[in-house]
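Here is how the chains run, residue by residue.
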Amino acid sequence: QLQLVESGGALVQPGGSLRLSCAASGTIFSVYSMLWYRQAPGEQREFVAGITSGGGTNYSDSVKGRFTISRDNVKKMAYLQMNSLKPEDTAVYYCTARRFGVLTPWGQGTQVTVSS
């Protein structure tokens, strides 16, 4: 099973950009779909973006056109490029991997705060 560690969260002003990283270790990375979720205070965790082993992507409506998910199978990394950030994007962001419908355990996540 993969072990995942998120990084890259920070305080950023509205309209700014951040790139989150998800470093994987363990078993074969390339066969997994990689997903980003987020959880705002007092809210349920929600899907943000996903990328399949073949490179297909999908996004939640709230981030479509602003966020881009990517992966580097050689480096065993997944990324979330976030542009035009809004205060409502403030949350803890988590990455997870999925194979055969099973998600890897959640990590500690990385905090993104969008505020002036």
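Scroll up to find the structure.
Rules used throughout
- Residues numbered from 1 in each chain as written.
- Predicted model: local features only at pLDDT ≥ 70, side-chain atom pairs only at ≥ 80, totals over all residues.
- Heavy atoms only, no water.
- Helix = DSSP H or I, 4+ residues; strand = E, 2+ residues; numbered from the N terminus.
- Rg over C-alpha atoms; globule rule 2.2 N^0.38 Å.
- Buried < 20%, exposed > 50% of the residue type's maximum accessible area, 1.4 Å probe, protein only.
- Contact = heavy atoms within 4.5 Å.
- Polar contact = N/O pair within 3.5 Å; in protein donor to acceptor, adjacent residues only side chain to side chain.
- Pairing = 2+ DSSP bridges.

Undergrad: How would you sum up the overall build of the protein? Please name residues and give values.
TA: The helix and strand inventory of the protein stands at 0 helices and 11 strands. Ordering the α and β elements of the protein from the N terminus gives β-β-β-β-β-β-β-β-β-β-β. For 116 residues, the compact-globule estimate of 2.2 N^0.38 gives 13 Å, and the protein sits close to it at 13 Å. For the C-alpha atoms alone, the extent of the protein along its principal axes is close to 40 × 25 × 25 Å. Of all 116 residues assigned to the protein, the portion counted as buried reaches 41%. If you take every contact in the protein between residues at least 6 apart in sequence, the share linking residues at least 24 apart comes to 54%.

Undergrad: Let's hear about the environment of glutamine 108: which residues, and what values?
TA: Inspection of the secondary structure assignment puts glutamine 108 in the loop between β10 (102-103) and β11 (110-114). We classify glutamine 108 as exposed; its relative accessible area is 76%. For glutamine 108, the contacting residues outside a window of four places in its chain are Glu6, Val92 and Tyr94.

Undergrad: Residues and numbers for the side chain of serine 60, please.
TA: With respect to the helices and strands, the residue serine 60 is situated in the loop between β6 (57-59) and β7 (67-72). A distance of 3.1 Å separates a polar atom in the side chain of serine 60 from a polar atom in the side chain of serine 62. If we skip the residues at most four places from it in the chain, serine 60 touches Phe47 and Val48.

Undergrad: Which residues make up unusual backbone geometry, and what values do they have?
TA: Positioned with a positive phi, serine 84 is a non-glycine residue whose angle comes to about 50 degrees. With respect to the helices, strands and loops of the structure, serine 84 is situated in the loop between β8 (77-82) and β9 (91-99). The partly exposed category is assigned to serine 84, whose relative accessible area is 42%. Even without a glycine there, the phi angle at phenylalanine 100 is positive, about 55 degrees. Within the secondary structure, phenylalanine 100 is located in the loop between β9 and β10. For phenylalanine 100, a relative accessible area of 74% translates into the label exposed.

Undergrad: Talk me through the pairing of strand β5 (residues 46-51); I want residue IDs and the actual numbers.
TA: Where strand β4 (residues 33-39) lies against β5, 5 bridges are found, and the strand directions are antiparallel. Within the sheet, the bridge partner assigned to tryptophan 36 lies in β5 and is alanine 49. What sits between the antiparallel neighbours β4 and β5 is a turn of 6 residues, in which glycine 42 has the positive phi angle 75 degrees. Bridge count between β5 and β6: 3 bridges; the pairing is antiparallel. The residue of β6 that forms the bridge with glycine 50 is asparagine 58. Linkage of β5 to β6, two consecutive antiparallel strands, is achieved through a turn of 5 residues, within which glycine 55 is found at a positive phi near 95 degrees.

Honestly, it's all geometry; don't read function into it.
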